[in-house]
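What follows is each chain in one-letter form.
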Amino acid sequence: MKKIKIFQRLLAFLSITGWSLAIYALLIFDKARPDRAIGYFLSKGASIRLGWDPVQTVQLEHIIWACAAISFVSLAFNYYFAHHSKMGYWFNIPLLLLSSVAAGLYITFVI
């Protein structure tokens, strides 16, 4: 098998793993944070949740930072192989890195 095919499969595996972790983080996000804008919800009569599961919040933070680490490694591989072969850049890798770092910083410093 050619070297480029192996590297493409490695990048595809890392990308799919990173995006799968991001989707899993979205699934547990609802129970891992408190509701925002309590005054707005109370004035409209909607029920709100004042507490959240702190265990899931920590789990969510770890998942998001793992997703950022996987996308960083994948970005490094992509950068290296794009300069040493005819393979181009993959757009989804920097997008995942940017969104996971932003979400990780939000979870770490805001929630």
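Residues numbered from 1 in each chain as written. Predicted model: local features only at pLDDT ≥ 70, side-chain atom pairs only at ≥ 80, totals over all residues. Heavy atoms only, no water.

A few words on the nonpolar core. If you look at the biggest cluster of nonpolar residues, it comprises six residues: Ala 25, Ile 28, Leu 60, Ile 63, Ile 64 and Ile 107. At three residues, the largest contribution of residues to this core is made by helix α3 (residues 54–84). Not counting the four nearest positions on each side in its chain, Ile 28 is found in contact with Gln 56, Gln 59, Leu 60 and Ile 63. (Core = buried A, V, L, I, M, F, W, Y, C linked by side-chain atoms within 4.5 Å. Buried < 20%, exposed > 50% of the residue type's maximum accessible area, 1.4 Å probe, protein only. Helix = DSSP H or I, 4+ residues; strand = E, 2+ residues; numbered from the N terminus. Contact = heavy atoms within 4.5 Å.)

Let us now look at the UniProt feature "transmembrane region" (unreviewed entry) in the chain. Those residues carrying the UniProt feature "transmembrane region" (unreviewed entry) are residues 12–29, 62–82 and 89–109 in this numbering. Secondary structure content for residues 12–29 is 94% helix and 0% strand, while the C-alpha to C-alpha distance between its ends is 25 Å. In residues 62–82, the share of helix is 100% and the share of strand is 0%. The end C-alpha atoms are 30 Å apart. (UniProt positions renumbered as here; feature names shortened; annotations may be inferred.)

Together, Trp 65, Leu 105, Tyr 106, Phe 109 and Val 110 make up an exposed nonpolar region whose accessible area comes to about 500 Å². Examining the composition of the nonpolar patch, we find that three residues originate from one element, helix α4 (residues 92–109), more than from any other. Secondary-structure assignment places Phe 109 in helix α4. (Patch = residues over 30% accessible without salt bridge, like charges linked within 9 Å, V, L, I, M, F, W, Y side chains within 5 Å. Areas by Shrake-Rupley, 256 points an atom, 1.4 Å probe, with all protein chains shown as cover. Salt bridge = Lys/Arg side-chain N within 4 Å of Asp/Glu carboxyl O.)

In the contact formed by helix α1 (residues 3–28) and α3, the axes pass within 9 Å of each other and the chain directions differ by 160 degrees. Relative to α3, the element α1 lies roughly antiparallel. Helix-helix and strand crossings are classified by hand; for α1 and α3 the assignment is left-handed. A per-class count over the contact of α1 with α3 returns 18 nonpolar, six polar and no charged. (Axes fitted to C-alpha atoms, helices over the stretch in contact; angles between N-to-C directions. Parallel < 35°, antiparallel > 145°, perpendicular 65-115°, else oblique. Left-handed = near helix turned anticlockwise from the far one by under 90°. Nonpolar A, V, L, I, M, F, W, Y, C, P; charged D, E, K, R; others polar.)

To continue, consider a positive patch on the surface. A grouping of Lys 2, Lys 5, Arg 9 and Lys 86 is seen on the molecular surface, where their side chains present a positively charged patch. As for its position among the elements, Lys 2 is in the segment before α1. (Lys, Arg positive; Asp, Glu negative; His and termini not counted. Charge placed at Lys NZ, Arg CZ, Asp CG, Glu CD.)

Structurally, Trp 52 is set in the loop between α2 (38–44) and α3. Owing to a relative accessible area of 39%, Trp 52 belongs among the partly exposed residues under this scheme. For Trp 52 and Asp 30, which are 22 residues apart along the polypeptide, the C-alpha to C-alpha distance reads 8.8 Å.

Counting across every chain of the model gives three aromatic pairs. Ring geometry for Phe 7 and Phe 81: centres 3.6 Å apart, planes at 20 degrees, overall stacked. Of the two residues, Phe 7 is situated in helix α1 and Phe 81 in helix α3; the sequence distance between them amounts to 74 residues. By relative accessible area, Phe 7 is classed as partly exposed at 21%. Pairwise contacts between aromatic rings join Phe 7, Phe 77, Tyr 80 and Phe 81 into one cluster. (Phe/Tyr/Trp six-rings, centres within 6.5 Å; stacked < 30°, edge-to-face > 60°.)

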